[in-house]
Amino acid sequence: MATKKVKEQARKILKDIFGYDNFRPMQEEIICSLMDGKDAFVLMPTGGGKSLCYQIPAIMREGTGIVVSPLISLMKDQVDALTACGVKAAYYNSSLKAAEAKDVLARFECGDLDLLYAAPERLLSKGFLAKMDQVKLAMFAIDEAHCVSQWGHDFRPEYVRLGELRQIFPDVPMLALTATADEHTREDISDRLQLGKAKRFVASFDRPNIRYLVAEKRQPLTQILQFLEGWSNCSGIIYCLSRKRVEDLAVNLQRHGIRAAAYHAGIPGRSREKVQDDFLRDRIKVIVATIAFGMGVDKPNVRFVIHHDLPKSIESYYQETGRAGRDGLESEALMLYGSGDVNLVRRLIENVENIDQRRVEVHKLNSMVAFSEALTCRRRVLLGYFGEPLDEPCGNCDICLDPPETYDATEFAEAALQCVREINGDFGMGYIVDVLRGSKNARILEHKHDKLKSHGSGADINADEWTSILRQLVHHGYFVQDVSRRAAMLATKKAERIGNGTPIMLAKYQPGIRRHFKRLGMPRDEALFKKLVKLREDIADREDVPPHVVFSDVTLTEMSQRKPVSEESMRTISGVGQHKLEEYGEAFIALINKHVESGDGKKGTKVGGKDIPMLIAKGPGLNETQTYILSLYRKGVSLEDIAAQQGVSETTVLKHYVAIIRAGQHIDVPAFIGDDFDTLMAELDNADPYASLTEVKRDLSVDLNNDEFRLLLAWREAIGVA
Ligand code: ADP
Ligand code: ZN
């Protein structure tokens, strides 16, 4: 069958050129659809792997693939990355000097390019349209397709005319790609690009490797410094609402020895570009920015995003936090949440003249507040907002990791309901709290609310606690705050259930930051990883490209885990394609060799100094779950978190590990077992060959559970000593 051949060929390119073993969800289907000459509309989150969806078909199909991209910096980055993999790619935009542009066009005309990145205005110029008419075109890819929509967050007028392409070149398949999660924008894109008939590919918008954290904003600088301690030497972005805050925070961080820089629209273009470039090249670690920063940055190893101030909507929050962890490695999104910020935004919204617009803004703010104050899984709230259900709590947000304690609050809910009913009018949450606590302030006396039954009925709880209770009751839908009546508290229909016998469970009020949980560790040889990073930096400097163009953090992580010391084994590392192997293989192998021989490598995979032997695939292949688990493992996700993500027990994951090892893939068992590994291996070597496994296990000096024991046996089998 033709598709089978297409799939094989696509897989070969994936491995030989890009160095990857498996496609991510949907990539293969999208590629096949394009190979079939059909249009496609791809909705995939940031980091989902959109680029390969057009790069591979462009390489496979006859002719040149034209990629439309909104930003010059992104084009250059992509072309650098492709060139490093040995793909014939170039870009055509206003940054080129006349001679360079001529050169690119000449290559295009004689069919020497697999991919040509072009700015939309260039593409639709008369001259270029005429050229495209004469050259064989493989396909069109419209990257960041939301730029075509005014509903989107980054409308670009020059994108609007791209719809014409569908008519001018009806036979060239078109692919539109975006990470926008908003349905309204999606429809608009499809209309404007005339992709009504295109097949839609919608991936999950979950970003499982991003951990969502929200902390009450108290002393932001101290809180941020504390947070950064956990991410020393890693790249991150901190968003602030105003330029002034951006500048202040950047200076403060610099004072604390952090390589930070400010970025906002008020900084001159040239300096802004430099900041961006330094960040991309890992020379600056932390960018403090207004939301102006982000679109043009395709940096895969951003490890954290902090919101110093409240984002203006869930959409923005999702977009901005989404800039973390494109490479799939563990990342964190921290938001500092202060009620002062909420009030500030509310006041700003009150000034909005247009009623409809004001309503929209209020809704957006309320959703953001609900997310921040949520006492259920944050990911669920976030994805729920975009209409994607999450069956199980995620296990990777502050609420899941450190669930708030709950208690039976029925009695308080009853008091609150009574009070709200008695007052029944234009009074907000603060006022209700005052009445419940028995205050006799002027306003209360004026309305004679000190005569109410509920007056003082909750005097034994402090105001903050009451606020927390009322907010939760709002989240649970017992009350609403009517914005058109100055946020008056009103009971809903659901409030009738209060006091009907079902207890109302609320989360205990806990002032302060809730963050007792540990970060996921990456199981890797840190010393080696550092050396690899240094080597990558040297090469990148020499070649004048960003470091991730040489190898990604994922690739270096895997090298530090598996320590390949031959070309054969280096080839099996994810992200090492043929071209990169030839270019950089030797240098990296030499470094790893030196590291292993110096004895620095003893914590990791020390297999008697031998090269990793389990690379020869043997045994049955992996099923889908195992392949997925392996990919999570390779990204550095811990056992605990893999289990949580998959919704299975750690024991089950360990069983999969065993199968994975048996299939000839690498799981770093020595690192997993830890310090006792060598002892255990020696004991197994000396075990009575006629004893049963139960007996052998019993005689070990270290207590292993069954799964650990099986893992160890599988490892021995894999390295050929069992
Ligand atoms: P997006 O454009 O959707 O944000 P990218 O195309 O930049 O995502 O891909 C994100 C990262 O994932 C890149 O580092 C890319 O090399 C990597 N990647 C993409 N597809 C695969 C795959 N099949 N296997 C391993 N890594 C992949
Ligand atoms: Zn969660």
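Visitor: Could you give me a rundown of the overall build of the protein, with the residues and numbers involved?
Guide: Helix and strand content of the protein: 33 helices and 17 strands. For a compact globule of 722 residues, the expected C-alpha radius of gyration is about 27 Å, and the protein comes in at 29 Å, within 12% of that figure. Its C-alpha atoms give the protein principal-axis dimensions of roughly 85 × 80 × 55 Å. In the protein, which comprises 722 residues, the proportion classed as buried is 53%. A sequence separation of at least 24 residues applies to 71% of the contacts in the protein between residues at least 6 apart. Side-chain charges of the protein comprise 97 positive and 103 negative groups, with the mean position of each set lying 3 Å from the other.

Visitor: Lay out the coordination of the zinc ion (ligand 2) with the relevant residues and their values.
Guide: Every protein donor of the zinc ion (ligand 2) is listed here as Cys377 (SG), Cys394 (SG), Cys397 (SG) and Cys400 (SG), and their distances to the metal cover 2.3 to 2.4 Å. Coordination geometry of the zinc ion (ligand 2): the four donor atoms subtend angles of 100 to 118° at the metal centre, consistent with an arrangement described as tetrahedral. Sequence spacing of the donor residues for the zinc ion (ligand 2), all on one chain, is C-x16-C-x2-C-x2-C. Residue Cys377 is located in the loop between α15 (355–373) and α16 (378–385), and its partner Cys394 is located in the loop between α16 and α17 (398–401); the two are separated by 17 residues in the primary sequence. The class of Cys394 is buried, set by a relative accessible area of 10%.

Visitor: Account for the side chain of Ser574, naming residues and giving values.
Guide: Looking at the secondary structure, you find Ser574 in the loop between α25 (567–571) and α26 (578–597). In contact with Ser574, not counting residues within four places along its chain, are Gly19, Tyr20, Thr555 and Glu558.

Visitor: A description of the pairing of strand β6 (residues 174–178) should follow, citing residues and the corresponding values.
Guide: β6 sits mainly inside the fold: five of its five residues count as buried. Every second residue of β6 is oriented toward a common face, with Met174, Ala176 and Thr178 on one face and Leu175 and Leu177 on the other, all of them buried. Two elements, strand β1 (residues 40–43) and β6, share four bridges in a ladder whose sense is parallel. Looking across to β6, one finds that Ala40 is bridged to Leu175. Pairing of strand β5 (residues 137–142) with β6 involves three bridges; the strand directions are parallel.

Visitor: Explain the site of ligand 1 to me, using residue names and the numbers behind them.
Guide: The environment of ligand 1 is made up of 14 residues, and the closest members are Tyr20, Asn22, Gly47, Lys50 and Ser51. The separation between a nitrogen atom of ligand 1 and a polar main-chain atom of Asn22 is 2.8 Å. Protein chains bury 82% of the 560 Å² of accessible surface belonging to ligand 1 in isolation. Looking at the shell around ligand 1, its residues break down into four nonpolar, seven polar and three charged.

Visitor: Give me the packing of aromatic side chains: which residues, what numbers.
Guide: This model, assessed by the stated rule, comprises 17 aromatic pairs. On the basis of an interplanar angle of 20° and a centroid distance of 5.3 Å, the ring pair of Tyr92 and Phe128 is categorised as stacked. Taken as a pair, Tyr92 in strand β3 (residues 89–92) and Phe128 in helix α7 (residues 126–134) lie far apart in primary sequence, 36 residues in all. Consider the rings of Phe205 and Tyr318, whose centres lie 6.4 Å apart with planes at 40°: the pair is tilted. Here the residue Phe205 occupies a position in the loop between β7 (199–202) and β8 (210–216), and Tyr318 occupies one in helix α13 (residues 314–321), the gap between them amounting to 113 residues. Taking the relative accessible area as the measure of exposure, Phe205 reaches 2% and is therefore buried. Across the ring face of Tyr92, the terminal group of Arg122 is positioned such that the distance to the ring centre comes to 5.0 Å. Sitting over the face of the ring of Tyr478, Lys494 holds its NZ or CZ atom 4.7 Å from the ring centroid.

Visitor: How would you explain the pattern of salt bridges if you had to name every residue and give the values?
Guide: In the structure shown here, the tally under the stated rule is 38 salt bridges. Of the charged contacts in the structure, one is a salt bridge between Arg200 and Glu187, with a shortest N-O distance of 3.2 Å. Of the two residues, Arg200 is situated in strand β7 and Glu187 in helix α9 (residues 183–192); the sequence distance between them amounts to 13 residues. Owing to a relative accessible area of 37%, Glu187 belongs among the partly exposed residues under this scheme.

Visitor: Mind laying out the confidence of the model for the protein, listing which residues take part and the relevant values?
Guide: Confidence in the prediction of the protein, expressed as mean pLDDT, is 87, and 93% of residues score 70 or more. Across residues 603–619, confidence stays below pLDDT 50; counting only partners more than four residues off in sequence or on other chains, it has 47 contacts.

Visitor: So what about the domain arrangement of the protein? Which residues, and what values?
Guide: Accessible area lost upon the coming together of the parts is a frequently used measure of interface size. Domain annotation of the protein identifies domain 1 (3–202), domain 2 (210–392), domain 3 (406–507), domain 4 (526–605) and domain 5 (615–718). With centres defined by C-alpha atoms, the gap from domain 2 to domain 3 works out at 33 Å. The interface is formed by seven residues belonging to domain 2 together with five residues belonging to domain 3. Across the domain 2 to domain 3 interface the summed buried area is about 510 Å²; carbon plus sulfur atoms make up 65%. Three residues, Val362, Glu373 and Leu375, lead the burial of domain 2 against domain 3; their summed loss comes to 69% of the area buried on that side.

Visitor: Outline the sheet that holds strand β10 (residues 260–263), supporting the account with residue identities and numerical values.
Guide: The strands making up a sheet associate through backbone hydrogen bonding, with each pair oriented either parallel or antiparallel. Read from one edge of the open sheet, six strands run β8-β13-β12-β9-β11-β10, paired in parallel fashion. The two strands at the open ends of the sheet, each matched to only one other strand, are β8 and β10. Strand after strand, the sheet turns through a mean of 15° between neighbouring axes, direction not considered. Contacting β9 (235–239), β10 and β11 (286–289), helix α11 (residues 243–255) runs over the sheet at an angle of about 170° to β10.

Visitor: How would you summarise the nonpolar core if you had to cite specific residues and measurements?
Guide: Counting 116 residues, the largest nonpolar core has Ile56, Met132, Ile142, Leu165 and Leu175 as its most contacted members. No other element matches the seven residues that helix α3 (residues 50–60) contributes to this core. When we break this core down by domain, the ones giving at least three residues each are domain 1 (3–202) and domain 2 (210–392). What Ile142 contacts, discounting residues up to four positions off in sequence, is Val68, Tyr159, Leu162, Leu165, Met174, Leu175, Ala176, Leu177 and Leu193. Counting 33 residues, the second largest nonpolar core, distinct from the first, contains Ile629, Ala643, Val669 and Leu704.

The rules behind the values
- Residues numbered from 1 in each chain as written.
- Chains lettered and ligands numbered in written order.
- Predicted model: local features only at pLDDT ≥ 70, side-chain atom pairs only at ≥ 80, totals over all residues.
- Heavy atoms only, no water.
- Helix = DSSP H or I, 4+ residues; strand = E, 2+ residues; numbered from the N terminus.
- Rg over C-alpha atoms; globule rule 2.2 N^0.38 Å.
- Buried < 20%, exposed > 50% of the residue type's maximum accessible area, 1.4 Å probe, protein only.
- Contact = heavy atoms within 4.5 Å.
- Lys, Arg positive; Asp, Glu negative; His and termini not counted.
- Charge placed at Lys NZ, Arg CZ, Asp CG, Glu CD.
- Donors = N, O, S within 2.8 Å, 3.2 Å for Na, K, Ca; no water.
- Tetrahedral: all angles 85-135°; square planar, octahedral: opposite > 155°, others 65-115°.
- Pairing = 2+ DSSP bridges.
- Near = heavy atom within 4 Å.
- Polar contact = N/O pair within 3.5 Å; in protein donor to acceptor, adjacent residues only side chain to side chain.
- Areas by Shrake-Rupley, 256 points an atom, 1.4 Å probe, with all protein chains shown as cover.
- Nonpolar A, V, L, I, M, F, W, Y, C, P; charged D, E, K, R; others polar.
- Phe/Tyr/Trp six-rings, centres within 6.5 Å; stacked < 30°, edge-to-face > 60°.
- Lys NZ or Arg CZ within 6 Å of the ring centre and 35° of its normal.
- Salt bridge = Lys/Arg side-chain N within 4 Å of Asp/Glu carboxyl O.
- pLDDT = per-residue confidence, 0-100.
- Domains from an automatic or database assignment.
- Buried area = accessible area lost by both parts, 1.4 Å probe.
- Axes fitted to C-alpha atoms, helices over the stretch in contact; angles between N-to-C directions.
- Core = buried A, V, L, I, M, F, W, Y, C linked by side-chain atoms within 4.5 Å.

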